[in-house]
Amino acid sequence: MTATMIDGKAFAAGLRARVAEGAARIFAEAGRRPGLAVVLVGDDPASSVYVRSKGKATVAAGMESFEHRLPASTGEAELLALVAQLNADPAVDGILVQLPLPKHIDERAVITSIDPEKDVDGFHPVNAGRLATGLEGFVPCTPYGCLMLIKDQLGDLAGRDAVVIGRSNIVGKPMAQLLIRESCTVTVAHSRTHDLPDVVRRADIVVAAVGRPAMVKPDWVKPGATLIDVGINRTDAGLVGDIDPACAEVAGAMTPVPGGVGPMTIACLLRNTLVSASRRLGVAYAI
Ligand code: NDP
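Residues numbered from 1 in each chain as written. Predicted model: local features only at pLDDT ≥ 70, side-chain atom pairs only at ≥ 80, totals over all residues.

**Concerning the overall build of the protein**
Now for step 1: Helix and strand content of the protein: nine helices and 11 strands.
Now for step 2: Taken over the C-alpha trace, the protein has a radius of gyration of 19 Å; the compact-globule value for 287 residues is 19 Å, and the two agree within 12%.
Now for step 3: Principal-axis analysis of the C-alpha atoms gives the protein an extent of 50 × 40 × 35 Å.
Now for step 4: Of all 287 residues assigned to the protein, the portion counted as buried reaches 46%.
Now for step 5: Intrachain contacts of the protein at a sequence separation of at least 6 include 70% that bridge at least 24 residues. (Helix = DSSP H or I, 4+ residues; strand = E, 2+ residues; numbered from the N terminus. Rg over C-alpha atoms; globule rule 2.2 N^0.38 Å. Buried ≥ 20, exposed ≤ 12 C-beta atoms within 10 Å, placed from the backbone. Contact = placed C-beta atoms within 7 Å.)

Pasting the structure below:
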């Protein structure tokens, strides 16, 4: 058996096109475009590339992009002052502070200073709490994108066994919450999990968000399972995910790296920004 390769790139392109239609409608009805502010502190090359591609995608979707690039020496108070200014700016519907921040800045303080109604990354504890308690809020983009791909592949997820490997606040935990919301039976594995291969072998759905190249092996995989690879590992052989590509011989469907989950993250960010703008402006949207 060879797994179906899930084309995240094509799915994300479709989502971005629907977001662009929504943005055009908001412009027609409310007279302004949805606005996304992205803040980058320092000159981490990977972060710089992410920020540039987020800005480009925002403009391509017919939205306003406000980019703030600050030097690595920026103090916490200065960054908090910028966030306060963006919170108060009516042209800004979404605020994203690119992580990681330089060591001298308390990430938690910055994330909690963002207005939860503009927190399109979904990292604010208020939005994490909303997700955990079944309230409307912003869901972190990467797990939200993974869920869209899983549902597109499998339809109704009720009763399926899902294993999420990784328990970070930005991927693993919200991914588990989303799968619980879909009535999956969810196991969250992490570095202290005993016999990970055995845990993974039970799963109909595996989401790997660890950061270890090709960690999930073919003999860990239940035949026919759906595998979602969040990992982005830069190796001498190029970009590699957390799932060994040889798992395609056992899985029913899996995401490639690159071209799987990656493109979904930005598309979901644009979607969240559109949702924020439509709420704030009282314009209905449908995507
Ligand atoms: P973190 O480093 O915050 O979390 C990694 C998780 O993996 C932790 O919960 C850790 O466990 C667990 N882990 C580490 N080693 C093992 C092991 N041997 N067995 C089982 N679990 C283990 O990473 P993120 O969640 O931020 O990101 C995960 C990966 O996803 C990275 O490769 C990152 O680059 C990528 N990523 C991709 C995105 C995209 O757009 N495609 C977006 C965000 C991230 P413990 O908690 O016990 O330490």
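There's more to say after this.
**Topic: the site of the ligand**
Now for step 1: Neighbouring residues of the ligand: 25 residues in total, closest G166, S168, H190, S191 and G211.
Now for step 2: Here the shell around the ligand is composed, by residue class, of 10 nonpolar, 12 polar and three charged. (Near = placed C-beta within 6 Å. Nonpolar A, V, L, I, M, F, W, Y, C, P; charged D, E, K, R; others polar.)

**Topic: the environment of C146**
Now for step 1: Here C146 shows up in helix α6 (residues 141-154).
Now for step 2: Residues C146 and L178, 32 residues apart in the sequence, show an inter-C-alpha distance of 9.8 Å.
Now for step 3: Apart from the residues within four sequence positions on either side, C146 is in contact with M175, V207, I228, V230 and V261.

**Description of the domain arrangement of the protein**
Now for step 1: Looking at the protein, the domain boundaries give domain 1 (30-119) and domain 2 (141-263).
Now for step 2: Just the C-alpha atoms count here: the centres of domain 1 and domain 2 sit 29 Å apart. (Domains from an automatic or database assignment.)

**Quick look at the packing of helix α2 (residues 45-60) against helix α9 (residues 262-281)**
Now for step 1: Remark: α2 packs on α9, axes separated minimally by 10 Å, with the N-to-C direction vectors making an angle of 50 degrees. Here α2 lies oblique to α9, going by the angle between them. Here α2 and α9 pass one another in a crossing that is right-handed. Each of S53, K54, A57 and T58 in α2 lies in contact with α9, whose residues at this interface are I266, L269 and L270.
Now for step 2: In the contact of α2 with α9, the residues fall into four nonpolar, two polar and one charged. (Axes fitted to C-alpha atoms, helices over the stretch in contact; angles between N-to-C directions. Parallel < 35°, antiparallel > 145°, perpendicular 65-115°, else oblique. Left-handed = near helix turned anticlockwise from the far one by under 90°.)

**Let's talk about the environment of E64**
Now for step 1: Position of E64 among the secondary structure elements: in strand β3 (residues 64-70).
Now for step 2: Note: C-alpha distance between E64 and L36 (28 residues apart in sequence) is 6.2 Å.
Now for step 3: What E64 contacts, discounting residues up to four positions off in sequence, is R33, P34, G35 and A91.

**Considering the UniProt feature "domain: Tetrahydrofolate dehydrogenase/cyclohydrolase NAD(P)-binding" (unreviewed entry) in the protein**
Now for step 1: Under the UniProt annotation, "domain: Tetrahydrofolate dehydrogenase/cyclohydrolase NAD(P)-binding" (unreviewed entry) lies at residues 140-279.
Now for step 2: Across residues 140-279, the secondary structure splits into 34% helix and 19% strand, with the terminal C-alpha atoms separated by 18 Å. (UniProt positions renumbered as here; feature names shortened; annotations may be inferred.)

**Quick notes on the UniProt feature "domain: Tetrahydrofolate dehydrogenase/cyclohydrolase catalytic" (unreviewed entry) in the protein**
Now for step 1: Mapped onto the present numbering, the UniProt feature "domain: Tetrahydrofolate dehydrogenase/cyclohydrolase catalytic" (unreviewed entry) falls at residues 6-121.
Now for step 2: Between the end C-alpha atoms of residues 6-121 the distance is 24 Å, and the span holds 51% helix and 16% strand.

**Let's talk about the sheet that holds strand β7 (residues 205-208)**
Now for step 1: Here we have six strands laid out as an open sheet, ordered β1-β11-β8-β7-β5-β6, and parallel in their pairing. The open sheet has two free edges, formed respectively by β1 (4-5) and β6 (185-189), since each of these has just one partner strand.
Now for step 2: In terms of strand pairing, strand β5 (residues 161-165) meets β6 through five bridges, oriented parallel. When the sheet's bridge partners are listed, V164 is paired in β6 with V188. (Pairing = 2+ DSSP bridges.)

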